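# Residue-level structure breakdown
Read off the chains here:
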Amino acid sequence: MVKRLAWKVGGQQGEGIESTGEIFAKALYRLGYHLYGYRHFSSRIKGGHTNNNIRVSTEKVRSISDEIDILIAFDQETIDVNFDDLRQDGIIIADAKFKPANPNESKAKLYAVPFTKIAADLGTSLMKNMVAVGASSAAMGIPLEYFHPIVEELFGRKGEKIVESNIRAIEQGADYFNREAGGRIEELALAPGDGRQRMYMIGNDAIALGAIAAGVRLMSAYPITPASEIMEYLIEKLPKFGGTVIQTEDEMAAATMAIGANYSGVRAFTASAGPGLSLMTESIGLSGMTETPLVIVDTQRGGPSTGLPTKQEQSDIMAMIYGTHGDIPKVVLAPSTVEEAFYDMVEAFNIADEYQCPVIVLSDLQLSLGKQSVDPFNYDKIDIRRGKLIIDDSLPELEKKGSFKRYEDTIDGVSPRTIPGTRNGLHHVTGVEHNEAGKPSEAASNRKIQMDKRLRKLNSLKFDNPVHTNTKHENPDLLLIGTGSTRGAIEEAMTKLANDGVSVNHAHIRLLHPFPAEEMSPLIEKARQVVVVEHNATGQLESLVKLNVGGRDKMSSILKYDGNPFKPLEVYNQCKGVVYHVSHV
Amino acid sequence: MSATFKDFRNNVKPNWCPGCGDFSVQASIQRAAANLSLTPETLTIISGIGCSGRISGYINAYGLHGIHGRALPIAQGVKMGNRDMTVIAAGGDGDGFAIGLGHTIHAIRRNIDITYIVMDNQIYGLTKGQTSPRSAEGFQTKSTPAGSIESSLSVMQMALTAGATFVAQGFSSEVKDLTSLIEQGIQHKGFSLINVFSPCVTYNKINTYDWFKENLIKLSEIDGYHPSNRIMAMETLMKHNDLVMGIIYQDKEKYSYQELLNGYSKEPLAYSRLNLGRETFDNLVAEFM
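Residues numbered from 1 in each chain as written. Chains lettered and ligands numbered in written order. Predicted model: local features only at pLDDT ≥ 70, side-chain atom pairs only at ≥ 80, totals over all residues.

### A short note on the overall build of chain B
Summing up its helical and strand segments, chain B has ten helices and ten strands in all. Against the globule reference of 19 Å for 289 residues, chain B gives a C-alpha radius of gyration of 20 Å, in line with a compact fold. Taking the principal axes of the C-alpha coordinates as reference, chain B spans close to 70 × 45 × 40 Å. Evaluated residue by residue, chain B yields a buried proportion of 50% over its 289 residues. Here the contacts in chain B between residues at least 6 apart in sequence split such that 69% fall between residues at least 24 apart. (Helix = DSSP H or I, 4+ residues; strand = E, 2+ residues; numbered from the N terminus. Rg over C-alpha atoms; globule rule 2.2 N^0.38 Å. Buried ≥ 20, exposed ≤ 12 C-beta atoms within 10 Å, placed from the backbone. Contact = placed C-beta atoms within 7 Å.)

### Overview of the overall build of chain A
A tally of regular secondary structure across chain A gives 18 helices and 23 strands. For 585 residues, the compact-globule formula gives about 25 Å, and the C-alpha radius of gyration of chain A, at 26 Å, lands near that figure. Seen through its C-alpha atoms, chain A measures out along the principal axes to roughly 90 × 70 × 40 Å. A buried classification covers 55% of the 585 residues belonging to chain A. Sequence separation of 24 or more characterises 74% of the internal contacts of chain A that already satisfy a separation of 6 or more.

### Focus on the UniProt feature "domain: Pyruvate/ketoisovalerate oxidoreductase catalytic" (unreviewed entry) in chain A
In this structure's numbering, the residues bearing the UniProt feature "domain: Pyruvate/ketoisovalerate oxidoreductase catalytic" (unreviewed entry) are residues 14-174 of chain A. Across residues 14-174 of chain A, the secondary structure splits into 40% helix and 23% strand, with the terminal C-alpha atoms separated by 24 Å. (UniProt positions renumbered as here; feature names shortened; annotations may be inferred.)

### Let's talk about the interface of chain B and chain A
Facing the 50 residues of chain B at the interface are 58 residues of chain A. Listing elements by their share of the side of chain B that touches chain A, those giving two or more residues are strand S1 (43-47), strand S2 (62-65), helix H2 (71-81), helix H4 (101-110) and helix H10 (278-286) of chain B. Here the side of chain B that touches chain A takes eight residues from H2 of chain B, the largest share from any one element. Residue composition of the side of chain B that touches chain A, by class: 24 nonpolar, 22 polar and four charged. Two strands pair when backbone bridges link them, and strand S17 (residues 428-430) of chain A and S2 of chain B are joined in this way by three bridges, in the parallel orientation. Across the sheet, residue Val429 of chain A finds its bridge partner in S2 of chain B, namely Leu64 of chain B. (Nonpolar A, V, L, I, M, F, W, Y, C, P; charged D, E, K, R; others polar. Pairing = 2+ DSSP bridges.)

### Observations concerning unusual backbone geometry
Residue and element names in this part refer to chain A. With an omega dihedral of 0 degrees, the bond running from Thr225 to Pro226 counts as a cis peptide bond. Looking at the element boundaries, Pro226 is found in the loop between strand S8 (218-221) and helix H8 (228-237). Note the cis peptide between His513 and Pro514, where omega equals 0 degrees. Inspection of the secondary structure puts Pro514 in the loop between strand S21 (511-513) and helix H16 (517-526). The residue Thr324 is not glycine, and still its phi comes out positive at about 125 degrees.

### Quick notes on helix H17 (residues 540-548) of chain A
Residues and elements named next belong to chain A. Buried residues of H17: Gln540, Leu541, Glu542, Leu544 and Val545, and no others. Tucked inside the fold, the buried residues of H17 contact helix H11 (317-322), strand S19 (478-482), H16, strand S22 (529-534) and strand S23 (555-559). Of the residues trailing H17, Gly550 is marked for its positive phi of about 100 degrees.

### Comments concerning the UniProt feature "domain: Thiamine pyrophosphate enzyme TPP-binding" (unreviewed entry) in chain B
Feature annotation in UniProt assigns "domain: Thiamine pyrophosphate enzyme TPP-binding" (unreviewed entry) to the following positions: residues 49-196 of chain B. Annotated as 32% helix and 22% strand, the span residues 49-196 of chain B places its first and last C-alpha atoms 17 Å apart.

### What about the packing of H2 of chain B against H4 of chain B?
Residues and elements named next belong to chain B. Relative orientation of the contacting elements H2 and H4 amounts to 30 degrees, with a least axis distance of 9 Å. In terms of orientation, H2 lies roughly parallel with respect to H4. Contacts from Leu72, Pro73 and Gln76 in H2 reach His103, Thr104, Ala107 and Arg110 in H4. Looking at the contact of H2 with H4 residue by residue, the classes come out as three nonpolar, three polar and one charged. (Axes fitted to C-alpha atoms, helices over the stretch in contact; angles between N-to-C directions. Parallel < 35°, antiparallel > 145°, perpendicular 65-115°, else oblique.)

### Here we look at the environment of Gly182 of chain A
Residue and element names in this part refer to chain A. Relative to the elements of secondary structure, Gly182 occurs in the loop between helix H6 (160-181) and strand S7 (199-202). Judged by the 11 C-beta atoms lying within 10 Å of it, Gly182 is exposed. Here the alpha-carbon distance between Gly182 and Ile72, two residues 110 residues apart in the chain, equals 17 Å.

In structure tokens, the structure reads:
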């Protein structure tokens, strides 16, 4: 029995690869396994190799795997592209239709199963993915009855006959594998799951659900990979709460419309990726200058320019922290798991309201599109705070027209905020430098007062656990630093390093700006070596750590920018190099 | 107690040049607001950047002076957030027809119930006299010393082809008519575009008050003109090279964006109760299980 297994299905885009993975995954997470799914896809609709990689585990899992145990192939390309990743004793189950060939160098065993023929004999070759699910279940020894309710959910609308034939396709796939290939393979048999019910969702689902939980009623957005799922979810849900998604003409409109909506008092936001964020930069400045709350989600993908639209990268870090002209207060959050993505979204809206500034929620493609099983989100942990917002009629009569001090120079820098419609709170807002009443003012003394006031706001920023730490060791050989979706790969690499006797601590930065220097400083100081793991070519996170904390002499980075997420072994191997090098100098 | 013209005045002295057409636009908005019995709290003016963009700061109402070219998306966001608010977007021809033209066309298509007033002086004033998309061919400016070789954009015709439901044109010298146009624009259920010839006395020596007086025709003086007839509207614009005043076209039948939007709250979203409630939340969570 094994505790962890990696299953991958591959074929041509548009061939049902995704749904094959979905059905397989659904049965397993309902059995109480932890899952992690990651799709490899291209920027086109039909054709091109695609695969869906699903890890099943009895423990939490948040990274793609080093090796594949079972590969389901709908074409030869899938075998040719992926056989290298198969482990010793791994298996390939391929459609007999294309006469699959196992490359000479392959360590895995190939089983040809007539997916298409079995499906066609049952009515339609479209069900070949069901046959494949059946065959892999037989290899892993998963009882087929777990698939019945799932098939019912998927095809119930289409009638009993369709449900019946899909179930038979699964059964016949399993029968064939049992008969011709000898059935269950001991090395692929999973230890039982804990039976607990979990959610299974992509990061973008969690971000969208987090927005609703935060009270969002409006989203203005322009479609882009890998952010579109956020708007798609909200297009379906927001009307149920009286709100809506507006698909704007471009990202400049998306961000400024969100500013207008926030100014009016509603919680609104937008989401995009690098190219869209470039266009939103002026809006970020307007939000900062006018102290209008604004939440923007950036789902990072490969840059620069159009770059690698469907591939993983973390190269917007500097642009998100520093992008926009002039000096403004800004907060950049970087969730590392689906769970954090959800709760951080709620917090992003709270911070935007409390500190009246732009808040960027920085995701990355792997987090946004990777699918994770997660304990159900807890309603009691959702807290909505709106800071100094005044929307009732409680304000005293103004002595003079236009004298409401929207930009009052307060101790914490945060001023009272009213919305259009509020009596006795009438004021003017402008992106031009302004005085306490919001009137344009270029006076040097006023300029300094207002700039200092705005920048002072974040001195009192409270954000729980800005760094997720695993610091078992007082003086570790190695401190690993990461942000965003690299967390799983770093955690697994750490376990391997620990097995080798290397003492490793881990700091995963959740608040990128303002930088949590106070939390990071002692961790870096106490480590012999520091390695920053990140998905970009220039070491943006490493630069940020050096800039805010120092540690230049003992710091290096592991960079990956080929579009694919880190595998735990890649992190492990490079860390070994660093530790080995240091201990032999 | 209904508000008067004075209620919409504040104590800020405009920084416009003496004689600027924008003064009349400001006064017309203030009069229209009073005539419609609005209060300063229920009016929000969103303006762009340029001389005319300062207008939101000169009227006693809620207002936001935003980014060059983006007055419309901001204004649409405000209206969507608070459907009870009267929202006016305002700016110059550079703001609405150069840097913000994309937003103008799409705001027209979207038909959210706001009023857009463009102070059209056919020149860039605040940057001291460069060509605008509304400058005539041959017009000499700092940026076109040999005369502009680009066509002037016919914004009224463009609005008609983009599906506008309210298209009007006014002139700063005709304050009474302009006030009436603004009132009708505000009352129109949907997006209303009002282009106002608002002369720049400093940088545009061609399109002066006298020039407009000589060349503009009142639609009310054209026999049989009816703003519900889109073909007639287009023909008239083409015939008179767009130099007409009045309501050019109005579609009173078409529903606004808000009226068509499925599920859109009857109450302003700005006053929504944000907590979902446990049951609703747990149901959303269960959909992922």
